[in-house]
Amino acid sequence: MAVIQYIVDLGPTVMLPVIIFIIGVLLGQGIGKSLRAGLTVGIGFVGIDLVISLMTENLGDAAKAMAENYNLGLDVVDIGWPGTSPMAWGSDMGIIAIPIAIAVNVLMLITKMTKVVNVDIWNIWHIAFTGAIVQIATGNYIWGIVAIIIHSAVIYKLGDIFIPVTDEYFALEGIAMPHGTSAYMGVFAAPVDDLIDHIPGLNKINLTPDRIEQRLGVFGQPTIIGAILGFVIGLLAQYSIGEALTLAVQMAGVMVLMPMVVKLIMEGLTPISEAARKILDKHFSGGDFRIGLDCALMLGDPAVVAGSMLFVPLSILIAVVMPGNRILPFGDLATIGFFIAIAVGVHKGNIFRTLFSGTLIMSFTLWISNQMAGLQQTLGQNVGLSSPGEQISSLDQAGSPLTYLMAKGFDLDINIGFLVILVVYFLAVIYTYVKYKKGTLYVENDEG
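Residues numbered from 1 in each chain as written. Predicted model: local features only at pLDDT ≥ 70, side-chain atom pairs only at ≥ 80, totals over all residues. Heavy atoms only, no water.

The protein carries the name PTS galactitol transporter subunit IIC in an unreviewed UniProt entry, which gives Tetragenococcus halophilus as its organism. Turning to the protein, the UniProt annotation filed under Subcellular location (unreviewed entry) states: "Cell membrane". (UniProt positions renumbered as here; feature names shortened; annotations may be inferred.)

This is the structure we're talking about:
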């Protein structure tokens, strides 16, 4: 446990290269190739960290300025995943979640319940957070363990369900995305997409980055779109023209740099992924196994980046108009891409449709994070990362339907809100699963 804790404390940029190196050696790739693969993946994640930091430090500050300028009066601060993940790792469920999640994965692979071979150990913090919150809600350690098992099984299956999207739209063949907000919030996209298909007029609107570029020429290129969105957000934050222009260039940089660092990660993963699939297919014929990785790999898509920036002001607007909301979106605003990425893929990059599913996703997230604020505050105090009376929550994970339903359900804290979330979310999951089984979750249109 001490060794595992030490590696976890190093963070994903070191943890993942170490894991990739070990897996590569075990798969017979040799020390040299495995070391190169691990370092390449690590360099890619360093790049992603830098780009996300660029968004967090600049786009996040602009979002906070918007909230302050318009006197929104929201008194519970979204501390984001950077503030929430250390709470999960520092909890009683922190390290124990890793062997449990791995055991669930192995059991599901053996019984052919999943195709996902998860190597994204760092993001098990989502699972650990659910276990910790359930333990606090129920006062029962065993219920926390049960929550970890259920959460693990659900996200591996969600990784399977969205394979058509990660394969076809994101071109991440051999990779699955079982972790984080993308997977468990992506289930809302399929019913929304089909609903829009049946609405005359709306079903003809297709605003993808490629189409926008075709219509607008140079002004429709991702870099220009990023610059325009950055400039507008700067103006809404009441920045000076110079500061707004600076934010515009920074967001244009995000649009260019994110795909480049994602390519680095794929370069390092490809030989390891292929070797793993060959060995697994040999021992478990017909398995078509996929390597489970961080949803950050989808953030390089231009439609995801554009959607991320659009939902910075939109999420704040939702927070303002939602009755009873006390959460000030902040810490996770710059990484909204994690929330909507799968939805973008289901909509085939159609930003117009993403506005509908993304609004639903962010509304659910905000409402749930309000209900979970007290439990997260207790968790923060238990691990020494927040003070008594400090008003905090997070969109990432405290806004998760999985965490909410298990925390309230196991504690028998049932009310109308709980029942609505339970029914709507269950129906969305079933609807998406049926489309996946029928092979209709992702079908290219005639224009590709």
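Picking up where we left off.
Undergrad: Requested: an account of the overall build of the protein, with residues and values cited.
TA: From N to C terminus, the protein includes 18 helices and six strands. The C-alpha atoms of the protein give a radius of gyration of 21 Å, which matches the 22 Å a tight globule of 448 residues would have. Referenced to the eigenvectors of the C-alpha coordinate spread, the extents of the protein come out at roughly 55 × 50 × 45 Å. Out of the 448 residues belonging to the protein, those deemed buried represent 55%. (Helix = DSSP H or I, 4+ residues; strand = E, 2+ residues; numbered from the N terminus. Rg over C-alpha atoms; globule rule 2.2 N^0.38 Å. Buried < 20%, exposed > 50% of the residue type's maximum accessible area, 1.4 Å probe, protein only.)

Undergrad: Before we move on, can you summarise the side chain of Thr130 with the specific residues and values?
TA: Tracing the backbone shows Thr130 in helix 6 (residues 125-138). Here His151 takes part through its side chain, which lies 2.8 Å from a polar atom of the side chain of Thr130. Discounting residues that sit within four places of it in the chain, Thr130 has contacts with Ala147, His151, Gln397, Thr403 and Met406. (Polar contact = N/O pair within 3.5 Å; in protein donor to acceptor, adjacent residues only side chain to side chain. Contact = heavy atoms within 4.5 Å.)

Undergrad: An account of the nonpolar core is needed here, citing residue identities and associated values.
TA: Judged by nonpolar contacts, the single largest core of 141 residues is most densely connected at Phe162, Ile175 and Leu297. For Phe162, the residues in contact, after removing those within four places along its chain, are Ala183, Gly186, Val187, Ile342, Val346, Thr432 and Leu441. (Core = buried A, V, L, I, M, F, W, Y, C linked by side-chain atoms within 4.5 Å.)

Undergrad: Kindly report on the environment of Phe356, identifying the contributing residues and their values.
TA: Its location among the elements puts Phe356 in helix 16 (residues 351-382). Residue classification places Phe356 among the partly exposed positions, given a relative accessible area of 38%. Considered as a pair, Phe356 and Asp193 are 163 residues apart in the sequence and their alpha carbons are 8.9 Å apart. Discounting chain neighbours no more than four positions away, the residues touching Phe356 are Val192, Ile196 and Leu202.

Undergrad: Give a detailed account of the packing of helix 14 (residues 302-321) against helix 15 (residues 337-346), specifying residues and quantitative values.
TA: Viewed as axis vectors pointing N to C, helix 14 and helix 15 meet at an angle of 130°, and their least axial separation amounts to 9 Å. When the axes of helix 14 and helix 15 are compared, the pair comes out oblique. Note on packing geometry: the crossing formed by helix 14 with helix 15 is right-handed. Touching Ala303, Val304, Gly307, Ser308 and Phe311 of helix 14 are Gly337, Ile340, Ala341 and Val344, all from helix 15. Of the residues assigned to the contact of helix 14 with helix 15, the class counts are six nonpolar, three polar and no charged. (Axes fitted to C-alpha atoms, helices over the stretch in contact; angles between N-to-C directions. Parallel < 35°, antiparallel > 145°, perpendicular 65-115°, else oblique. Left-handed = near helix turned anticlockwise from the far one by under 90°. Nonpolar A, V, L, I, M, F, W, Y, C, P; charged D, E, K, R; others polar.)

Undergrad: Requested: an account of the sheet that holds strand 5 (residues 327-328), with residues and values cited.
TA: Strand order across the open sheet formed by three strands is 5-1-6, with parallel pairing between neighbours. For this open sheet the edge positions go to strand 5 and strand 6 (392-393), each flanked by a neighbour on one side alone. Pairing of strand 1 (residues 76-78) with strand 6 involves two bridges; the strand directions are parallel. Its bridge partner lying in strand 6, Asp78 is registered against Ser393. (Pairing = 2+ DSSP bridges.)

Undergrad: So, the pattern of salt bridges: which residues are in play, and what are the values?
TA: Taken as a whole and assessed by the stated rule, the structure comprises six salt bridges. Among the salt bridges present, the one from Arg353 reaches Asp197, with a minimum N-O distance of 2.9 Å. Placement of the pair is Arg353 in helix 16 and Asp197 in helix 10 (residues 189-197), with a sequence separation of 156 residues. Residue classification places Asp197 among the partly exposed residues on the basis of a relative accessible area of 37%. When salt bridges with common partners are traced through the structure, they connect Asp193, Asp197 and Arg353 into a single cluster. (Salt bridge = Lys/Arg side-chain N within 4 Å of Asp/Glu carboxyl O.)

Undergrad: Which residues make up helix 18 (residues 416-438), and what values do they have?
TA: The end-to-end C-alpha distance of helix 18 is 33 Å, a good match for the 33 Å that 23 residues give at a rise of 1.5 Å each. Of the surrounding elements, those touching the buried residues of helix 18 are helix 7 (141-161), helix 8 (163-168), helix 9 (180-185), helix 10, helix 16 and helix 17 (401-410). The N-cap residue of helix 18 is Asn415: its side-chain oxygen and the backbone nitrogen of Gly417 are 3.2 Å apart. (Expected span 1.5 Å × (residues − 1).)

Undergrad: An account of a nonpolar patch on the surface is needed here, citing residue identities and associated values.
TA: On the surface, a nonpolar cluster with roughly 1,000 Å² of combined accessible area is contributed by Ile414, Ile416, Leu419, Val420, Leu422, Val423, Val424, Phe426, Leu427, Ile430, Tyr433 and Val434. Within the secondary structure, Ile416 sits in helix 18. (Patch = residues over 30% accessible without salt bridge, like charges linked within 9 Å, V, L, I, M, F, W, Y side chains within 5 Å. Areas by Shrake-Rupley, 256 points an atom, 1.4 Å probe, with all protein chains shown as cover.)

Undergrad: Provide a residue-level description of the sheet that holds strand 4 (residues 290-292), including the pertinent values.
TA: The strands that make up a sheet are held in pairs by hydrogen bonds between backbone atoms, and each pair lies either parallel or antiparallel. Read across the open sheet, the three strands follow the order 2-4-3; overall the sheet is parallel. Looking at strand neighbours, the two that pair on one side only are strand 2 (116-118) and strand 3 (175-176), the edges of this open sheet.

Undergrad: Describe the packing of helix 6 against helix 17, with residues and values.
TA: For any two helices packed against each other, the geometry is given by the interaxial angle and the distance between the axes. Contact geometry for helix 6 and helix 17: axes closest at 8 Å, N-to-C directions at 25°. When the interaxial angle is binned, helix 6 and helix 17 end up roughly parallel. For the element pair helix 6 and helix 17, the recorded crossing hand is right-handed. Contact residues: helix 6 offers Phe129, Thr130, Ile133, Val134, Ala137 and Thr138, while helix 17 offers Thr403, Met406, Ala407 and Phe410. Across the contact of helix 6 with helix 17, the residue classes tally to seven nonpolar, three polar and no charged.

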